[in-house]
Amino acid sequence: MNALPPLAAGIELIALTKQYALDSVAVDSINLRIASGSYCCLLGPSGCGKSTTLRMIAGHESTTSGDILLENRNITHLPAAGRGTAMMFQSFALFPHLSALDNVAFSLKMKGVAKDARHRQAQDLLERVAMGHLSARKPGELSGGQQQRVALARALITQPRVLLLDEPLSALDPFLRVQMRAELRRWQKELGLTFIHVTHSQEEAMALADTMVVMNHGRIEQVGSPHEVYNRPASEFVARFMGGHNVLETTLGKVAVRNDHIHLAPLAHGDNGWPATVHDVEYQGNHVLLGLRLAEGSGAGAGDNVSVMLPEATFVQRPYAPGDQVSMTWAAWQAHTFPPTLAA
Ligand code: ADP
Ligand code: MG
């Protein structure tokens with residue numbers, strides 16, 4: 001088939017706000033620019049405002065104040081169908097009684113496009129996602145991966161500039177979820193479209209995103225590449241939410257240390273590590289996760305929990321068991337100090 005016209009475009013949110021009730025601000029004056037043709041993940045705990053943000057971009061939810069620009073065009077008050085966005089829902093939400101072809105053609109049917117024309121366009125799109133040969137099948141006769149491609153084709157039939165995905169993978173089993181996210185990533189790059197993908201899974205966001213947007217209580221805590229967010233969390237919230245970090249209250253202030261950056265040795269007199277006691281050992285395949293409790297004389301609160309991730313080979317060479325007393329050290333440059341907390 002002919003290549004689709006160039007579709008990529010950027011989204012800009014300006015002081016975007018949604019207040020459902022007087023005392024409940026779901027999205028609190030957020031500012032965000034999403035680059036054209038990039039994969040952006042909105043990440044955060046349940047209730048932080050991700051879906052509300054996405055639905056305002058889609059036009060499925062009105063805004064309280066602020067603006068939404070797509071390609072520098074203000075779309076804030078346009079109807080959903082006139083925005084140049086399309087939505088892909090959880091578990092793909094295909095119509096079970098319709099063939100793949102009719103699922104993809106559905107929105108054209110709603111627009112009154114004649115059967116021949118809409119079937120031709122739908123077939124073209126199914127071919128584009130390598131599903132042309134299965135267009136007569138119903139969703140129940142397709143694998144999860146094939147269903148995802150049909151859902152993608154169905155979303156693309158309106159020629160959107162931006163594809164919006166709300167937890168599209170969260171109802172899938174873990175194995176399929178990992179396969180499907182690789183496929184989403186591949187299609188995004190191949191199509192060159194802007195994807196905005198809502199997830200509460202930091203693992204999923206890190207695997208997919210060019211840009212991660214970490215949200216909390218209707219606000220943006222941090223925007224950056226997965227590498228930037230994981231290595232330089234902007235706040236205690238981000239460090240804790242991303243996981244893999246210990247947030248420690250030291251005499252120098254609050255610091256985050258990745259659990260794979262902490263070295264352990266058996267406790268010896270006169271060393272300058274922090275003393276701790278092992279209370280939990282969890283085998284994780286290529287790593288072993290140790291739960292430690294800080295002892296008196298460490299640089300932070302005695303009794304605080306610390307997690308340490310050791311490569312399996314390191315652990316096998318020098319195993320630890322619950323009750324062992326150890327000394328923790330890390331390189332000073334690997335302790336990430338948070339910038340002064342912003343006033344709430
Ligand atoms: P997320 O997708 O991050 O889990 P939501 O955007 O769905 O969060 O919700 C953000 C906040 O807004 C939550 O406190 C939620 O209870 C509230 N909320 C969402 N939708 C509505 C609604 N239609 N009416 C009232 N409050 C809502
Ligand atoms: Mg949601």
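Caption draft 1: Geometry of the overall build of the protein chain. Helices and strands together make up the secondary structure of the protein chain, namely nine helices and 18 strands. In the form shown here, the protein chain has an accessible surface area of approximately 16,500 Å², with 52% of it arising from carbon and sulfur atoms. Both charge centroids of the protein chain, one from 29 positive and one from 31 negative side chains, sit 10 Å from each other.

Caption draft 2: Representation of the side chain of H336. Relative to the assigned elements, H336 resides in strand β18 (residues 335-337). Within the structure, the side chain of H336 is placed 2.9 Å from the backbone oxygen of P233, a separation counted as a polar contact. For H336, the contacting residues outside a window of four places in its chain are N231, R232, P233, K254, V255 and A256.

Caption draft 3: Looking closely at the site of ligand 1. Close to ligand 1 lie Y20, A26, P45, S46, G47, C48, G49, K50, S51, T52 and R55, which account for all nearby residues. Here Y20 contributes a side-chain N or O atom positioned 3.3 Å from a nitrogen atom of ligand 1. For ligand 1, an oxygen atom lies 2.8 Å from a polar atom in the side chain of S51. Alone, ligand 1 offers 560 Å² of accessible surface; in the complex the protein occludes 57% of this. Per element, the largest residue contribution to the shell around ligand 1 is four residues, and it comes from helix α1 (residues 50-58). Split into classes, the residues belonging to the shell around ligand 1 amount to four nonpolar, five polar and two charged.

Caption draft 4: Seen up close, the sheet that holds β18. Read across the open sheet, the three strands follow the order β11-β12-β18; overall the sheet is antiparallel. In the strand order of this sheet, the two ends are held by β11 (245-250) and β18, each with one partner. In this sheet, neighbouring strand axes are inclined to one another by 35° on average, regardless of whether the strands run parallel or antiparallel. Sheet analysis places strand β12 (residues 253-258) next to β18, joined by three bridges and oriented antiparallel. Across the sheet, residue V257 finds its bridge partner in β18, namely A335.

Caption draft 5: Region of the structure containing the environment of M206. Relative to the helices and strands, M206 is located in helix α6 (residues 202-208). Residue M206 is classed as partly exposed on the basis of its relative accessible area of 29%. Counting along the chain gives 91 residues from M206 to G297, while the straight-line C-alpha distance between them is 37 Å. Discounting residues that sit within four places of it in the chain, M206 has contacts with M212, P226, Y230 and M242.

Caption draft 6: Structural context of the domain arrangement of the protein chain. Examined at the domain level, the protein chain breaks down into domain 1 (11-231) and domain 2 (245-337). A straight line from the C-alpha centre of domain 1 to that of domain 2 covers 40 Å.

Caption draft 7: Inspection of α1 at higher detail. Among the nine residues of α1, seven are classified as buried, and the element is accordingly described as predominantly covered. Looking only at α1, the buried set comprises K50, T52, T53, L54, M56, I57 and A58. Of the residues one or two after α1, G59 is the one with positive phi, at around 90°.

Caption draft 8: Representation of the pairing of strand β15 (residues 287-294) in the model. Sheet topology note: the strand β14 (residues 274-283)/β15 ladder contains seven bridges and is antiparallel. Residue pairing in the sheet places A276 in a bridge with L294 of β15. Between β14 and β15, which follow one another and run antiparallel, lie three residues, and G285 among them has a positive phi close to 90°. The sheet contact formed by β15 and strand β16 (residues 305-311) spans seven bridges and is antiparallel. Among the inter-strand pairings, R293 is bridged to a residue of β16, identified as N305.

Caption draft 9: View of the packing of helix α2 (residues 100-110) against helix α4 (residues 144-156). Remark: α2 packs on α4, axes separated minimally by 7 Å, with the N-to-C direction vectors making an angle of 25°. With respect to α4, the element α2 is oriented roughly parallel. In this structure, α2 crosses over α4, and the sense of that crossing is right-handed. Contact residues: α2 offers A100, N103 and V104, while α4 offers V150, A153 and R154. Across the contact of α2 with α4, the residue classes tally to four nonpolar, one polar and one charged.

What counts and what doesn't
- Residues numbered from 1 in each chain as written.
- Chains lettered and ligands numbered in written order.
- Predicted model: local features only at pLDDT ≥ 70, side-chain atom pairs only at ≥ 80, totals over all residues.
- Heavy atoms only, no water.
- Helix = DSSP H or I, 4+ residues; strand = E, 2+ residues; numbered from the N terminus.
- Areas by Shrake-Rupley, 256 points an atom, 1.4 Å probe, with all protein chains shown as cover.
- Lys, Arg positive; Asp, Glu negative; His and termini not counted.
- Charge placed at Lys NZ, Arg CZ, Asp CG, Glu CD.
- Polar contact = N/O pair within 3.5 Å; in protein donor to acceptor, adjacent residues only side chain to side chain.
- Contact = heavy atoms within 4.5 Å.
- Near = heavy atom within 4 Å.
- Nonpolar A, V, L, I, M, F, W, Y, C, P; charged D, E, K, R; others polar.
- Pairing = 2+ DSSP bridges.
- Axes fitted to C-alpha atoms, helices over the stretch in contact; angles between N-to-C directions.
- Buried < 20%, exposed > 50% of the residue type's maximum accessible area, 1.4 Å probe, protein only.
- Domains from an automatic or database assignment.
- Parallel < 35°, antiparallel > 145°, perpendicular 65-115°, else oblique.
- Left-handed = near helix turned anticlockwise from the far one by under 90°.

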